[in-house]
Amino acid sequence: YVVRDPNFDSAAQLQALTALVNDKVDVLIVQNPSVTLLVKELKRAEAQGTHVIQINMASNYKSDAFVGADWHEVGRMLADEVVKQCGTASGKSGKVQIVQGELTAAASVDQVGAMLDVFSKDKNIKVVSNQAANWDANTALNITATVIQQNPDLCASVGFWGIMESGAAQAIRNAGKIDQVKIYASGEGSQLDCDQINQDNFTRFLNYKSTEQGHDLVAAAVTLLESGEKAGTRHLAYFTMPVWVDKTNATGANCFALP
């Protein structure tokens, strides 16, 4: 069992993946930084007999299995919540900020698409900022500091990863607007996410349960290995059901401890 962590460096990830494909491992589990970067190597891996499981952020290539969140559903759930708080019936400004991860990551592409579809059905919702912070909390903070200065009546901020969105929340708190702006994020459900809830930085958090994804990854790997089938034959999908977390349940199984 070997882990390679490129630390958000796409070039380093491609290099590490190429080395593992060359080693002809039995199973590769890959989280794609974008929908295109690793496609060639994933195809090469399966062509030579390696089973490929993509975790959470898929590429444009459909491999043996996908384990993760249904990003369209996550985006829709986030948008529905924002409309409840900032839509026509709310009497509020309807101004919304979106903090994406990397623009070409599947999580960003699919969540944004679903959110904008929901927002288009309520004339009161105005997306005043839709920018990529590349999964970085400091970048999210800087972007949001400008947004809140330009839009002091901002109604909601939505971020696509809890750790990144914590930077946006800090900028909103620094501006003295933490009680005014509704702050939402989706993410894996670590203790850090629950801390943001309990410290009144997040209004609600949509947890797609990475602990369950760990179990599903093992189940997928065992299924593929025991099948005896050639790599690339099956296209399995294991979706984790997202759960809303707020102060009523920001504890226990919804907040796994970090090592």
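Residues numbered from 1 in each chain as written. Predicted model: local features only at pLDDT ≥ 70, side-chain atom pairs only at ≥ 80, totals over all residues. Heavy atoms only, no water.

Trainee: Give me the side chain of E188: which residues, what numbers.
Mentor: Note that E188 resides in the loop between β7 (182-187) and α7 (191-198). Of the buried charged residues, E188 lacks a salt bridge, with K209 as the closest side chain of opposite charge at 14 Å. At 2.9 Å, the side chain of E188 forms a polar contact with the side chain of W161. When near neighbours in sequence (up to four residues on either side) are disregarded, E188 contacts W161, I163, D193, F205, N207, Y208, K209, S210 and F256. (Helix = DSSP H or I, 4+ residues; strand = E, 2+ residues; numbered from the N terminus. Buried < 20%, exposed > 50% of the residue type's maximum accessible area, 1.4 Å probe, protein only. Lys, Arg positive; Asp, Glu negative; His and termini not counted. Salt bridge = Lys/Arg side-chain N within 4 Å of Asp/Glu carboxyl O. Polar contact = N/O pair within 3.5 Å; in protein donor to acceptor, adjacent residues only side chain to side chain. Contact = heavy atoms within 4.5 Å.)

Trainee: Lay out the sheet that holds β7 in plain terms, naming residues and giving numbers.
Mentor: Pairing is mixed in the open sheet, where six strands are placed in the order β5-β4-β6-β7-β8-β10. Strands with a single pairing partner mark the edges of an open sheet, and in this sheet they are β5 (126-132) and β10 (243-245). Averaged over all neighbouring strand pairs, the angle between strand axes comes to 15 degrees, with direction disregarded. Both strand β4 (residues 95-100) and strand β6 (residues 156-159) contribute to a ladder of four bridges, which runs parallel. Residue pairing across strands places V99 opposite G159, the latter belonging to β6. Where helix α6 (residues 162-174) meets the sheet, its contacts fall on β4, β6, β7 and β8 (204-207), and the angle it forms with β7 comes to roughly 165 degrees. (Pairing = 2+ DSSP bridges. Axes fitted to C-alpha atoms, helices over the stretch in contact; angles between N-to-C directions.)

Trainee: Would you mind going over the packing of aromatic side chains in detail, with residue names and values included?
Mentor: In this structure the tally under the stated criterion is six aromatic pairs. Both rings, one in F8 and one in W161, keep their centres 6.2 Å apart while their planes meet at 45 degrees; by these two values the pair is tilted. With a gap of 153 residues between them, F8 in the segment before α1 (10-22) and W161 in the loop between β6 and α6 connect regions that are remote in the sequence. Judged by its relative accessible area of 60%, F8 is exposed. Arranged with centres 6.3 Å apart and planes meeting at 5 degrees, the rings of F202 and F205 form a pair that is stacked. The pair formed by F202 and F205 is uniform in burial state, with each residue classed as buried. (Phe/Tyr/Trp six-rings, centres within 6.5 Å; stacked < 30°, edge-to-face > 60°.)

Trainee: Summarise the sheet that holds strand β3 (residues 65-69); cite the residues concerned and give the values.
Mentor: If you walk across this open sheet you meet the four strands as β1-β2-β3-β9, and the pairing is parallel. Looking at the sheet topology across the chains shown, the edges are occupied by β1 (27-30) and β9 (236-240). Within the sheet, the average angular offset between the axes of one strand and its neighbour, ignoring direction, is 15 degrees. Pairing between strand β2 (residues 51-55) and β3: three bridges, direction parallel. Counterpart to I53 in the pairing with β3 is A65.

Trainee: Let's hear about the pairing of β2: which residues, and what values?
Mentor: Every other side chain in a regular strand lies on the same face of the sheet, so the side chains alternate between the two faces. Of all five residues making up β2, five are buried, and the element is well covered by its neighbours. Both faces of β2 are covered, namely the face carrying H51, I53 and I55 and the face carrying V52 and Q54. Bridging between β1 and β2 involves four bridges; their strand directions are parallel. In the sheet register, V27 faces β2, and the bridge partner there is H51. As a crossover connection, the stretch from β1 through helix α2 (residues 39-47) into β2 is right-handed. (Right-handed = clockwise from strand over helix to strand, strands pointing away.)

Trainee: Give me unusual backbone geometry: which residues, what numbers.
Mentor: A positive phi angle, close to 55 degrees, is found at K24, a residue other than glycine. Inspection of the secondary structure assignment puts K24 in the loop between α1 and β1.

Trainee: Quick one: what's the story with the packing of helix α5 (residues 137-150) against α6, residue by residue and with numbers?
Mentor: Contact geometry for α5 and α6: axes closest at 7 Å, N-to-C directions at 35 degrees. Considering only the axes of α5 and α6, their crossing is right-handed. Contacts between α5 and α6 pair A137, A140, L141, T144 and A145 from the former with I163, M164, S166, G167, A168, Q170, A171 and I172 from the latter. Grouping the constituent residues of the contact of α5 with α6 by class yields nine nonpolar, four polar and no charged. (Left-handed = near helix turned anticlockwise from the far one by under 90°. Nonpolar A, V, L, I, M, F, W, Y, C, P; charged D, E, K, R; others polar.)

Trainee: Summarise the pattern of salt bridges; cite the residues concerned and give the values.
Mentor: For the structure on display, the rule yields 11 salt bridges. Ionic pairing is found between D80 and R76, a salt bridge with its closest N-O pair at 2.4 Å. Separated by four residues within a single helix, D80 and R76 lie in helix α3 (residues 71-86), roughly one turn from each other. We classify D80 as partly exposed; its relative accessible area is 28%.

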